[in-house]
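Structural characterization, general
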Amino acid sequence: AFVVTQQAGGGFNIGTIIAHSSPVTCLDLLLERNLLVTGGADSSVRLWDLRMFRCISEISAHKSKFEDSIFDVRFDPSGSLIASAGADGSIKLFQF
């Protein structure tokens, strides 16, 4: 398991998320809504609530290729879409 740790300005650990069953390959933050999105080598995109440090949505997004899966995830500027780019050559958009 890969552990994502968020630290406040003073360096104190304010929470730990056991994020994926294999390495986390990318992430993006939407701080104004307390959201984190992660992509992993397990082919999933996961949306996290940073107030409760829990997964609120999981999407099996891309097919693995050569042990790679998801290269990048991003929130769009409006905060209503997530884009992911995968090793399978596709870009996917998800509304949440």
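Here is a short report on the structure shown in this document. Only a predicted model underlies this, so the values are computations on that prediction, with no experimental measurement involved. (Residues numbered from 1 in each chain as written. Predicted model: local features only at pLDDT ≥ 70, side-chain atom pairs only at ≥ 80, totals over all residues. Heavy atoms only, no water.)

For the rest of this paragraph, the subject is the environment of Ile-91. Relative to the helices and strands, Ile-91 is located in strand β9 (residues 91-95). Judged by relative accessible area, which is 69%, Ile-91 ranks as exposed. Note: C-alpha distance between Ile-91 and Ala-61 (30 residues apart in sequence) is 9.5 Å. Among residues more than four places away in sequence, those in contact with Ile-91 are Ser-84 and Ala-85. (Helix = DSSP H or I, 4+ residues; strand = E, 2+ residues; numbered from the N terminus. Buried < 20%, exposed > 50% of the residue type's maximum accessible area, 1.4 Å probe, protein only. Contact = heavy atoms within 4.5 Å.)

The next thing to look at is the environment of Ser-80. The topology assignment puts Ser-80 in the loop between β7 (70-75) and β8 (81-86). Between the C-alpha atom of Ser-80 and that of Gln-95, which follows or precedes it by 15 residues, the distance is 6.0 Å. Polar side-chain contacts of Ser-80 include one of 3.0 Å to the side chain of Ser-78. (Polar contact = N/O pair within 3.5 Å; in protein donor to acceptor, adjacent residues only side chain to side chain.)

Side-chain pairing between opposite charges can occur once the charged atoms of the two side chains come close. In total, this model carries 5 salt bridges according to the counting rule given. The partner of Asp-28 in a salt bridge is Arg-74, with the nearest N and O atoms 3.9 Å apart. Highlighted residues: Asp-28 in strand β3 (residues 24-30) and Arg-74 in strand β7, separated in sequence by 46 residues. Take Arg-74: its relative accessible area is 42%, and that puts it in the partly exposed class. With its nearest N and O atoms 3.5 Å apart, the salt bridge here joins Asp-49 to Arg-51. Using a relative accessible area of 7% as the deciding quantity, one classes Asp-49 as buried. Judged by its relative accessible area of 57%, Arg-51 is exposed. Among the charged side chains, a network of salt bridges with common partners joins Asp-28, Asp-72 and Arg-74. (Salt bridge = Lys/Arg side-chain N within 4 Å of Asp/Glu carboxyl O.)

One non-glycine residue, Asn-34, adopts positive backbone phi at about 55°. With respect to the secondary-structure elements, Asn-34 resides in the loop between β3 and β4 (35-40). You will see that Phe-53, though not glycine, has its phi angle at about 55°, which is positive.

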